[in-house]
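A look at the structure
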Amino acid sequence: MTKGDVLGVLLGGNALTKKQIVDRLGISERQFKRAISTLRHRDGHTIEYDPHTKTYKLVSISEDVDDDMADNDEFTKFINSSIRRREREEARNKAKLNTIEKVLREAVRRLEPVEPNYSIIPDHSNQSVVALLSDIHIGRVTSTYDENVMRDRLSKYFTNVNLLTDIEAQYLPVKDMNFFFLGDFVDGETIFPGQGFEIEIDVMEQALRLASLISKYIQTFAHDYNTVNIWATPGNHGRNGKYNSFNSNWDNVVYKFIEVALSEQENVHFHYATNNSRLLVASVNNNGFLLTHGDLIRMAYQVPYYGITNMMNRWSQSVPGWDYLTMGHFHHYSLGTKFIDKEFIINGSFLSGDNFSLERLGANTHPSQVVFGVHEKCGVTWRYPVNLY
């Protein structure tokens, strides 16, 4: 059998690329070139190369067996040597893998078990709870919202605040309860043309009814917690004319009604902005929160986020003592977006079927509010959106 016979058997009569031949024979490209050269110039064999497909094909095999028996022996030895070399390489690689696996197994076995430690947070550590409350819009009537729906959603929200607080209190004691009143509690009367056709009660009745409701809910928290703090800033729907003082705001009237109703409750404390400002900095468990309704922030292309980050950058230089910005107004919640080492949290709304959200933001409102926990050293930790549907 000549070298051509051996190569013919290996190639199987097919046109193969150099890589396929090298892989089949287990040889290097240099060895391949030498073998091709030997076959082309000796023994009368012809290897045809197709430059278009870049393949080699054995097209002629010499019938003269006796003339090249010595060369055949040499070629057979070459093939067998290549196969043995490939087998030795595979054996070495397998030995290496076995050694690595053995080392890893021994390393894993050397690890000693540890006892779980549940005392990561010191016993004296505690947390505060913050419940955002905004954009109730009592008095507004839509296809899916009126005063009865508002009452149901208000009850659901306070119930869920209690439930979530009880769950988190299992892991860390609650120091105090905080409510951020972020405005638009009332819907108002003359905020925009034609508003009178979208409300069911006048603004005075809006303020009285809502204050009576919220006062009772706050009193239940005063019973369950050592301290209840109310931090309040007004919204734009409560304003009483563009030429009046910022304090002449029906949201402020609601807040004062609630404060009077709870005036005998010594563990409930009210905090308001001063100097006719609509910005209020609240200190909760040694963390600073900047409160604003949100209407001071301008939207770009009906998206508020550029305006928010722009004002955060400005307020960070002009208003001291805060790390978190909280607001309502946009009727869609957003939980914890970081910017310039500060974070903003947007509250949701009680409304549904809301034309403002659909026409200005291009999205339907999904009624929701936000509640979160504040640790003294870690800041805002857990946070939940409460679905009011």
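A brief structural summary. (Residues numbered from 1 in each chain as written. Predicted model: local features only at pLDDT ≥ 70, side-chain atom pairs only at ≥ 80, totals over all residues. Heavy atoms only, no water.)

Broken down by element type, the chain carries 9 helices and 14 strands. The buried share of the chain, reckoned over its 389 residues, is 44%. At a minimum sequence separation of 6, the contacts of the chain that also span at least 24 residues come to 69%. Split by element, the accessible area of the chain, about 21400 Å² in all, is 51% carbon and sulfur. (Helix = DSSP H or I, 4+ residues; strand = E, 2+ residues; numbered from the N terminus. Buried < 20%, exposed > 50% of the residue type's maximum accessible area, 1.4 Å probe, protein only. Contact = heavy atoms within 4.5 Å. Areas by Shrake-Rupley, 256 points an atom, 1.4 Å probe, with all protein chains shown as cover.)

Of all hydrophobic cores here, the largest spans 44 residues; its most connected members are L133, I136, L154, F179, F181 and I214. Every element with two or more residues in this core is listed here: β4 (127-133), α5 (147-169), β5 (174-181), α6 (203-224), β6 (228-232), α7 (250-261), β7 (268-272) and β14 (379-387). The dominant element in this core, judged by the number of residues it contributes, is α6, at 9 residues. In this structure, I214 is in contact with L133, I136, L154, F181, F185 and I258, ignoring residues within four places of it in sequence. (Core = buried A, V, L, I, M, F, W, Y, C linked by side-chain atoms within 4.5 Å.)

Attention now goes to the pairing of β5. With 7 of 8 residues buried, β5 lies mostly within the body of the structure. Pairing analysis gives 7 bridges linking β4 to β5, with the strands arranged parallel. If you follow L133 over to β5, its bridge partner there is F181. Taken together, the 5 bridges between β5 and β6 define a ladder with parallel strand orientation. Each bridged residue has a counterpart across the sheet, and for N178 the counterpart in β6 is N229. (Pairing = 2+ DSSP bridges.)

Across the sheet, 6 strands lie side by side as β7-β6-β5-β4-β13-β14; this open sheet has mixed pairing. Taken across any chain shown, the strands that pair with only one partner, and hence form the sheet edges, are β7 and β14. Within this sheet the neighbouring strands show an average axis-to-axis angle of 20°, counted without direction. With 5 bridges connecting them, β6 and β7 associate as parallel partners. When the bridges of β7 are listed, V228 appears paired with V268. Here α5 sits on the sheet in contact with β4, β5, β13 (368-375) and β14, set at roughly 165° to β4. Relative to the sheet, α6 contacts β4, β5, β6 and β7, its axis offset from that of β5 by approximately 165°. (Axes fitted to C-alpha atoms, helices over the stretch in contact; angles between N-to-C directions.)

On to the packing of aromatic side chains. What the rule picks out here adds up to 16 aromatic pairs. Residues F158 and Y217 carry aromatic rings whose centres are separated by 4.6 Å and whose planes lie at 20° to one another, so their mutual orientation is stacked. With F158 in helix α5 and Y217 in helix α6, the pair connects residues that are 59 residues apart, well separated along the chain. With centroids separated by 5.4 Å and ring planes inclined at 45°, the aromatic side chains of W382 and Y384 adopt a geometry described as tilted. (Phe/Tyr/Trp six-rings, centres within 6.5 Å; stacked < 30°, edge-to-face > 60°.)

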